[in-house]
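One-letter residues, chain by chain:
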Amino acid sequence: MSGSELRLLSYAKVNLTLDVLGRRPEDGYHYIRSIMVPVSLADEVYLHPDKGVTVTSQPAIPCPPEENLAYRAALALREASGVNAGARIHIEKRIPVAGGLAGGSSNAAAVLRGLNRLWGLDLTEEQLGRIGGRLGSDVPFCLFQRPALVEGIGERIRPIETSRSLWAVVAYPPVAKSTGNVYRLLDELHEFPRPDTDRMLRALASGDVEEVAASLGNVFEAVMLPRHPVIRELKERMLAKGAVGALMSGAGPSVLGLVHDRESGEEIARDLAQRTAATLAFVVQLYLTGEGRR
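Residues numbered from 1 in each chain as written. Predicted model: local features only at pLDDT ≥ 70, side-chain atom pairs only at ≥ 80, totals over all residues. Heavy atoms only, no water.

Asker: Can you walk me through the pattern of salt bridges in this structure?
Answerer: Within this structure, the stated rule accounts for 19 salt bridges. For Asp43, the salt bridge is made with Lys93, and the minimal N-O distance between the two is 2.6 Å. Here Asp43, found in strand β2 (residues 30-50), pairs with Lys93, found in the loop between β4 (86-92) and α2 (103-118); they are 50 residues apart in sequence, far enough to count as distant. Lys93 matches Asp43 in its accessibility class, with the two residues each being buried. (Salt bridge = Lys/Arg side-chain N within 4 Å of Asp/Glu carboxyl O. Helix = DSSP H or I, 4+ residues; strand = E, 2+ residues; numbered from the N terminus. Buried < 20%, exposed > 50% of the residue type's maximum accessible area, 1.4 Å probe, protein only.)

Asker: Sorry if this is basic, but what is going on with the environment of Ala273 here?
Answerer: Within the secondary structure layout, Ala273 lies in helix α10 (residues 262-275). Overall, Ala273 belongs to the partly exposed group, its relative accessible area being 45%. Residues Ala273 and Asp19, 254 residues apart in the sequence, show an inter-C-alpha distance of 31 Å.

Asker: Can you help me understand the packing of aromatic side chains in this one?
Answerer: Aromatic ring pairs are reported here in terms of the distance separating the ring centres and the angle at which the planes meet. If you walk through the whole model with that rule in mind, you get two aromatic pairs. Arranged with centres 5.8 Å apart and planes meeting at 85°, the rings of Tyr11 and Tyr287 form a pair that is edge-to-face. On the criterion of sequence distance, the pair formed by Tyr11 in strand β1 (residues 6-23) and Tyr287 in the segment after β11 (280-286) is long-range, its members being 276 residues apart. Taking relative accessible area as the criterion, Tyr11 reaches 9% and is therefore assigned buried. (Phe/Tyr/Trp six-rings, centres within 6.5 Å; stacked < 30°, edge-to-face > 60°.)

Asker: Can you help me understand the packing of α2 against helix α3 (residues 125-133) in this one?
Answerer: Think of two packed helices as two axes; the pair is described by the angle between the axes and how far apart they sit. Two elements in contact, α2 and α3, have axes whose closest approach is 10 Å; the angle formed by their N-to-C orientations is 135°. Relative to α3, the element α2 lies oblique. As for how α2 packs across α3, the hand of that crossing is right-handed. Between α2 and α3, the contacting residues are Leu112, Arg113 and Asn116 on the first element and Leu128, Ile131 and Gly132 on the second. Here the residues of the contact of α2 with α3 are counted per class, giving three nonpolar, two polar and one charged. (Axes fitted to C-alpha atoms, helices over the stretch in contact; angles between N-to-C directions. Parallel < 35°, antiparallel > 145°, perpendicular 65-115°, else oblique. Left-handed = near helix turned anticlockwise from the far one by under 90°. Contact = heavy atoms within 4.5 Å. Nonpolar A, V, L, I, M, F, W, Y, C, P; charged D, E, K, R; others polar.)

Asker: Got a minute to help me understand the environment of Val212 in this structure?
Answerer: On the secondary structure map, Val212 appears in helix α7 (residues 209-214). Put simply, Val212 and Pro59 are 153 residues apart on the chain and 35 Å apart in space, counted from C-alpha to C-alpha. Setting aside its immediate chain neighbours within four residues, Val212 contacts Leu166, Met200, Ala203, Leu204 and Leu258.

Asker: Would you explain the environment of Val150 in this entry?
Answerer: Relative to the elements of secondary structure, Val150 occurs in strand β5 (residues 148-152). By relative accessible area, Val150 is classed as buried at 0%. Separated by 39 residues in sequence, Val150 and Val111 place their C-alpha atoms 21 Å apart. Leaving out residues up to four positions away in the same chain, Val150 has contacts with Ile32, Arg33, Ser34, Met36, Phe141, Arg156 and Ile157.

Asker: I would appreciate a short explanation of the side chain of Asp271 in the present structure.
Answerer: Its place among the elements puts Asp271 in helix α10. A residue is classified by how much of its surface remains accessible, and Asp271, at 10% relative accessible area, is buried.

Asker: Help me out: how do you make sense of the pairing of strand β7 (residues 166-172) in this one?
Answerer: Looking along a regular strand, one sees the side chains alternate between the two faces of the sheet. Of all seven residues in β7, six are buried, a share of seventy percent or more. Here β7 pairs with β11 via seven bridges, running antiparallel. Residue pairing for β11: Leu166 is matched across the bridge by Leu286. Note: β7 against strand β10 (residues 255-259), five bridges, orientation antiparallel. By the bridge assignment, Val170 is partnered in β10 with Leu256. (Pairing = 2+ DSSP bridges.)

Asker: Could you clarify how one ought to interpret the nonpolar core in this entry?
Answerer: General note: in soluble globular proteins, nonpolar side chains tend to be found buried as a group. The biggest cluster of nonpolar side chains holds 63 residues, and the ones touching the most others in it are Ile89, Val111, Leu112, Phe220 and Met238. Dropping the residues within four chain positions of it, Phe220 is found in contact with Leu18, Val20, Val182, Tyr183, Leu186, Met248, Gly250 and Ala251. Core analysis: the next-biggest nonpolar cluster, separate from the first, contains 30 residues, Leu101, Val209, Ala213 and Val244 among them. (Core = buried A, V, L, I, M, F, W, Y, C linked by side-chain atoms within 4.5 Å.)

This is how it looks when you write it as structure tokens:
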């Protein structure tokens, strides 16, 4: 890495609770209430000064450049700041694409943070958050990088009280989905189970793993589980092998299984890998106290 190049870790996030509370009438964006937590699974983002803006990744991200959130973040920051600068962006991908783990949003947030430094802009986190919010609802949280209660359309972020970090298994099954379509299908449902987010806040403050597990909830499971049995099967398998709780993250299809310790997570991950080579499984730490990140 050269002296002018920046390397940033771009952390995945999981939703411990996710509720959808309606739609904003002027533009149709959905109001959410969710507890989001960064986890140790991360992409590496490299930024190098250049004349234009280019993005490469390994493995390749399957979308046109103009749809790549990292590319769009660089252009949005350049337009908002008025600078005449560019960057060569390379991403080493470890977070599954379109997995409900905010990989693209996290990459965009890393680009905003990194180019703010590389281009000498000195924009505040709040200013970067406003730019990021125009790119995607998860980008402001990914800029925040701390456990939070997220409300509104993703722009209202409040740090939450926690007392310990937790371990989990994250499994990514081979399920294709469109987040927009998942929202549309949820809109068509009249009733569905809702999480008790306030109970989760109390559980995280107490550090009681069993209570955290009992408080997990995601309204999108009402859409995804009936249509994709593999997600339900992953949850059931995790619980059968010792996870204390399991939940689909975001709009899916990734599944989070809370465990008591890293060793338990590694045992479940090995079991999942043996059962189906098509499902990726990771053991991750939930960064509830801020320890361990860099």
